[in-house]
Each structure stands twice: as C-alpha cells, then as structure tokens.
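# Coordinates in review
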Amino acid sequence: MIISQQKNREELLHNLEGKKRLFLVGCGACATACKSGGEEEVFQLQEWLASVGREVTGSVIIDEACHIMRAARDLRHHRDAVAEADALVVLACGAGVQSISTNTDKRVIAGLDSLFLGNIRRLGQYEEKCSLCGECILNETAGICPVTTCAKGLLNGPCGGMEEGRCEADREVDCAWHSIYERLKKQGRQGVFARPVPPKNWGKLRKPGRLKLG
Amino acid sequence: MSQLQNELSQHRFVVTTEIAPPKGVDLSAALAKARSLQGITAVNVTDNQGANMRLSPLVLAARMLEAGIDPILQLTCRDRNRLALQSDLLGAAALGIENVLLLSGDHMRFGDHPQGRAVFDLDSVQLLQAVAHLNQGWDMAGRKLQGTPSFFAGAAVSPAAEPFELMFQKYRKKVEGGARFFQTQAVFAEDKLHRFMEAARPVGVPVLLGVLLLKNAAVARFLNANIPGVQVPPELVDRLEQAADPLTEGVAIARRQVALAREICQGVHIMSLGHEELIPAMLA
C-alpha cells in the first residue's frame, strides 16, 4: 500500500491562492486506509475550505485513484461540477494525483505527500519493507530486505555503526543486518553471508517503470 | 610503494593519525599541522567526516604528498556513485596517492546537511572490489584502463561490535574484497580486542588499533552517547572524572593502549582530537 499523509493546511492554502471554486477527489484505497484521503477526510477538507471562504462544487471518492481509466470515468460522471471548478484538490498519492491530471486540463492541487510503499502492522501503523528496487535478494537474506531496512542500503553486512544489534541512524530500530543474521542462524543457513554480493544492478529498475503483460 | 605499505611489509610497527580538510579553501593550517607531526608513518585525510561538508580530501592528500607526508585518502560511499568513486580514485592515482581507506560513511543525519540525499551506490566491500579491479587495469564495467594504478587499499573494522560473529563476517568479506590493512574504531575493552585479534591474526592482514585520546570524562560520555561503535567503560570514565589532570590521565590511558597494540597489533591509528602535540607522549 502507498503510505501518504496530508500536507499541512498552511501549505495547502498557499496552493489554493486565487482559486475560489474547487472540486475534491479522494481515493477509496490507500489514502482511505491512511486516513489521508477517504470519505471522512474529503468531508473535513470540504468544511475547512468553506471556513476559508472557498466554494466546493462537488466531490468524488475514486475506488483506486491510481487507475487512470477509472479516474477518467468518474470525472466524466461529475462533468458539470468539475467544469464549474477553478481547480481540483486531490487527496490521493502522487500516482492518484497524476491519474487526475492526465484526465483534465484544469489545475490539479495535490493535498497529500506520498511517503513509501508500506506494510501494515495494524491500521494506522505502517512500515517500509520494500523499495521496489527491481532485484530481490530476499531469498538469501531470510526474507528481510537490506536495501530498504538498512539505513544505508548495504548489501554485505552491517556498517561500523551497529551497536548491540541496533541501527547507527536510529537506536530505536533494529539493525537490518542483525535481524538477517539472527534469522539465518535459526534456519541453519549462511545465506547472503556465503558470498560477497556484487554491486547492485540499478539498471533493472527501469525508470520510469513500465510493465505490459501479454 | 607508499611509506605505509613499505613499513608494514617490513613488519615495522606503524603509526597513523588523521587530519580533516578545512571547511573552506585555506589549506595552510591543515598542512602546518601535518608538517608538525612527529613519529608518524602516514596521515589519514578524512572525507566529509561525520557527514559534515569540507574541502575535498583528494586535494589535501595531494598537497600533503608534495610536502613529503604519506597520505591515506579516505573515501566514503555516502557521497559518490560508482562513476564518481572510480573517477576520484583514478585522479588520486594520477596525483601519486597510493594509500586509500574505503568506508561506507556515517549516515547523513549526523552531519551538517541532513536534508541531502545519500548515495550508497556501493558498499565498502564492493568499493574494495572495485579498487582491486582498478589495480588489475580494469574498471567495474570491465573496460581496460589507460595506465594502471597501484593502490594500497585499507578498510575499517569495529572490533568491539556485538554480535562478534556478525561483525567478523563483514571483516572477512573486506579481506576477500582486497583489504590489505585495517584501521580499527577506538577500542577500550581489552578483552574484546584480544578476542578480535585472536580471530584476525590467522588472516594475516595488518591491524592498526584505533587509539582515541580521552581528554576528559565529558568527552568519554559524549563518545558513549553519540559515536557509533565507541564504548568507554565506566571505570575509565570514573578515572578521568577523579583525575587531578584529566588530560594527563587520558594520555596515560592512550599510552597503555599503544603498549597493548605493540604486543598484539601491527600499528596504531591515533585520533588525538586536536592535541597532535601529545602524540609523542602517547607513543612514549
């Protein structure tokens, strides 16, 4: 899931300068789970906009705002309200914002900052485990990703800053390499410690990413 | 062959220390300091140490070489991708610099540009491998070099880090990667140093023990709280606290470590925290 949080109202107000009438877009998937752009947050945004003298022409929660064609369809269903607006305020991740901006020539204002691809510990508690780097070595690291969970993304073991199994960059956090070591030991395997891992092939991370099946 | 490599190959006990480049363009103080050093084999030139921006270590190392001082160029993976690292290395070789110390680098959040983006395209093991390739006349992409460098590559190790086996795995990978000498983080726990040296001795790569001058108890407490991988035992903190002259006590502690290094290591790397004039006393 894409983890996002709302920009502060001050920044949003700055972006709204000169825009009187607004159409609001939320996302029924990730932004809803993050409580950054679901029904409730769109409603709160609407109330706040009224309090700062703006008019809301309408709103929609798109099932998955990142779905480009679905966003197009939902905006068509609200054609008149969109047409009346000076700008659209989108409470969705950066992908969602761009689905909207693909489908309208109007000014699109992003209301959220997108943070990371997150695992869910429990609702409201999210952790980054994967950075979508294009070259998994999870099979050798007992299912713990050092590219993501090591603060430096090291591939050959801990840095000199590891202390008692804690990370140099944040003593509250376990050193990823310590966790890898402990789990491999439990499994009786050497895993990634059996070989020097060569430099990562960042070329596998095609940017901008694209995948077309079939 | 650099002075450092020469002396280590002759099994002479070597002494290194370190100098940070200035934050600015005036090299005179750093060069004067380097010239004033007594009894030193080679001098590390730190690379944006603690993630604090300073003048390029490549430039200071080259100027030190001109002044007849053997530099050890530190290079971190934090600030450069694989192109920049290899490019700087070739530049260093062209200027006559042979000793390099290859490091991951402290995390950006400790430094004076915490909003910057760290690189870490390579890690320290991979950078050691890259240097080994360069020494064979090839870049990381397998392209032939015009003129081959002859680096004497070193690496860092934290002998007191726990768990020991995990730290030692990394040490071993650095040896396989091509590390020809090690400089250690400051170690104050003698039992941990003995344990490390017993395991490292059969590997046969020279180890220079990191000796850090404890100027007073406040410095010791600061190190414990803020410097990754350095732990000053409580009894040493107490000794400094109760000493009539803490600096003299700190020198005595350092001297004891140097003596220990003479028994079980191949040299020392002295971190004198601005008290270069006390290095001869620490070595006495």
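Right above here is the structure, for reference.
Read on for a plain summary of the structure. It should be emphasised that the depicted structure is a prediction, and the values quoted were computed from it without experimental measurement.

Criteria and thresholds
Residues numbered from 1 in each chain as written. Chains lettered and ligands numbered in written order. Predicted model: local features only at pLDDT ≥ 70, side-chain atom pairs only at ≥ 80, totals over all residues. Heavy atoms only, no water. Core = buried A, V, L, I, M, F, W, Y, C linked by side-chain atoms within 4.5 Å. Buried < 20%, exposed > 50% of the residue type's maximum accessible area, 1.4 Å probe, protein only. Helix = DSSP H or I, 4+ residues; strand = E, 2+ residues; numbered from the N terminus. Contact = heavy atoms within 4.5 Å. Salt bridge = Lys/Arg side-chain N within 4 Å of Asp/Glu carboxyl O. Lys, Arg positive; Asp, Glu negative; His and termini not counted. Polar contact = N/O pair within 3.5 Å; in protein donor to acceptor, adjacent residues only side chain to side chain.

### Brief notes about the nonpolar core
In terms of nonpolar packing, the biggest core is built from 89 residues, with L60, F196 and V268 of chain B touching the most fellow members. Sort the elements by how many residues they give to this core and helix α10 (residues 246-264) of chain B lands first, with six residues. Ignoring any residue separated from it by four or fewer positions in sequence, one finds F196 of chain B in contact with V157, P159, F164, M167, F168, Y171 and V207 of chain B. L16, A92, I100 and I109 of chain A belong to the second largest nonpolar core, which has 31 residues in total.

### Quick look at the pattern of salt bridges
All names here are of chain B. Under the defined criterion, the tally for this structure stands at 27 salt bridges over all chains. Measuring nitrogen to oxygen at the nearest pair gives 2.8 Å for the salt bridge that ties D88 to R80. Classification of R80 by relative accessible area gives buried; the value is 11%.

### Re the side chain of N44 of chain B
Among the secondary structure elements, N44 of chain B is positioned in strand β2 (residues 42-45). If we skip the residues at most four places from it in the chain, N44 of chain B touches T16, T17, E18, I19, I72, Q74, L101, Q183 and H269 of chain B.

### Notes on helix α3 (residues 57-66) of chain B
All of the buried residues along α3 of chain B are P57, L58, L60, A61, A62 and M64 of chain B. Those residues of α3 of chain B that are buried lie in contact with β1 (14-19), α2 (28-36), β2, β3 (71-76) and α4 (82-94) of chain B.

### Digging into the side chain of D123 of chain B
Along the polypeptide, D123 of chain B turns up in the loop between β4 (99-103) and α5 (124-135). Buried charge without a salt bridge: D123 of chain B, with K170 of chain B as the nearest opposite-charge side chain at an N-O distance of 5.6 Å. Only 3.1 Å separates the side chain of D123 of chain B from the backbone nitrogen of L155 of chain A, close enough to count as a polar contact. A distance of 3.0 Å separates polar atoms of two side chains, one belonging to D123 of chain B and the other to N156 of chain A. Residues contacting D123 of chain B, with those up to four places away along its chain left out, are L154, L155 and N156 of chain A together with C77 of chain B.

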